[in-house]
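Residues per chain are reported as follows:
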Amino acid sequence: MVPLTPIDVAAVQLTATPDKAANIARAGALVARAARAGARLVVLPEKWTGFGSPEILRACAEPLAGGDSVAAMRRWAREHAIHLVGGSITELGDGGRLTNTTVVLDPSGELTAVYRKIHLFDVDVGGHVYRESDLEDGGDRIVTVDVDGWSVGLSICYDLRFPELFRILALRGAQIMVVPAAFTATTGRDHWELLLRARAVENQCFVVAAGDWGEHPGGRWTYGHSMVVDPWGTVLEQVREGDGVAGARCDPARLAEVRSSLPALANRRPEHYAWPEPVRA
């Protein structure tokens, strides 16, 4: 096995507007900024091509083959010689159904992984009702992807609240977890950093979280605060508000230090774990 080498990562933060072309242009500039700063792995936010009402999502939706945003991401990956986690886009599937989909591109612009959001945001929070399942289908596959020898686990936004997903990713070898998101401001203030640091500590991995931020049509606010967290739960870099890039280095020596000094993953006893009865609401 080839030893891991340090990798510079970056989380891109922006406000997704209803103007898909403008979003693509702004994202391209931020990806270029991250690459100029040395990032080899760049992560975009959730639904960065267009975020808001069902009408906006449908207007911005595209198939993975031939879509404007996927073509742009292929170009950026090639031009900057980076691995690009395409946050998520609204994918237009057969029969007009939509999915919340992450694509990963390698430095040649080739598609190396596709992940469709498993956990759909169906809640009533802060006086607002959100039902992603009314418009979108959930995914059914847990995905990791190789990035310069690092195993990267994929997730999207609301997935962050489900530690089972992240533990499975860790058991499959993930050393970096990526979390493209559009966390609401209401929940983000109390839970965003807490959950990101918890997932990093529980699974002794780096977490790269790219958030949408600001106000969107209909009065919905997203929290931003994109960040990179190390396996000890330390926030290495953060962009609180505004368009920007949070960049940091993932060092395999730090990963090894945490996992050897506090070997929680190695000390698991799965022979004693039994799946509980379903929780009744």
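Preceding this paragraph is the structure being described.
Residues numbered from 1 in each chain as written. Predicted model: local features only at pLDDT ≥ 70, side-chain atom pairs only at ≥ 80, totals over all residues. Heavy atoms only, no water.

Chemist: Go over the overall build of the chain, please, and point to the residues and values.
Modeler: On a plain count of helices and strands, the chain comes out with six helices and 18 strands. Against the globule reference of 19 Å for 281 residues, the chain gives a C-alpha radius of gyration of 18 Å, in line with a compact fold. Across its three principal axes, the chain shows a C-alpha extent of roughly 50 × 50 × 35 Å. The buried share of the chain, taken over its 281 residues, is 53%. (Helix = DSSP H or I, 4+ residues; strand = E, 2+ residues; numbered from the N terminus. Rg over C-alpha atoms; globule rule 2.2 N^0.38 Å. Buried < 20%, exposed > 50% of the residue type's maximum accessible area, 1.4 Å probe, protein only.)

Chemist: Just give me the short version of the environment of S155, but keep the residues and values in it.
Modeler: Note that S155 resides in the loop between β11 (150–154) and α4 (163–171). The exposure class of S155 is buried, given its relative accessible area of 1%. When the C-alpha positions of S155 and M177 are compared, they lie 7.5 Å apart, and in sequence the two are 22 residues distant. Setting aside residues no more than four positions away along its own chain, S155 makes contact with Y115, L165, F166, V178, V179 and P180. (Contact = heavy atoms within 4.5 Å.)

Chemist: So what about the sheet that holds strand β10 (residues 144–147)? Which residues, and what values?
Modeler: The strand order across the open sheet built from six strands is β10-β11-β12-β13-β16-β17, with neighbouring strands paired in mixed fashion. Looking at the sheet topology across the chains shown, the edges are occupied by β10 and β17 (235–239). Between one strand axis and the next, the sheet turns through 20° on average, direction left out of account. Here α4 sits on the sheet in contact with β10, β11 and β12 (176–181), set at roughly 145° to β12. Sheet strands in contact with helix α5 (residues 185–203) are β12, β13 (206–211), β16 (226–229) and β17, and its direction is about 20° off that of β16. (Pairing = 2+ DSSP bridges. Axes fitted to C-alpha atoms, helices over the stretch in contact; angles between N-to-C directions.)

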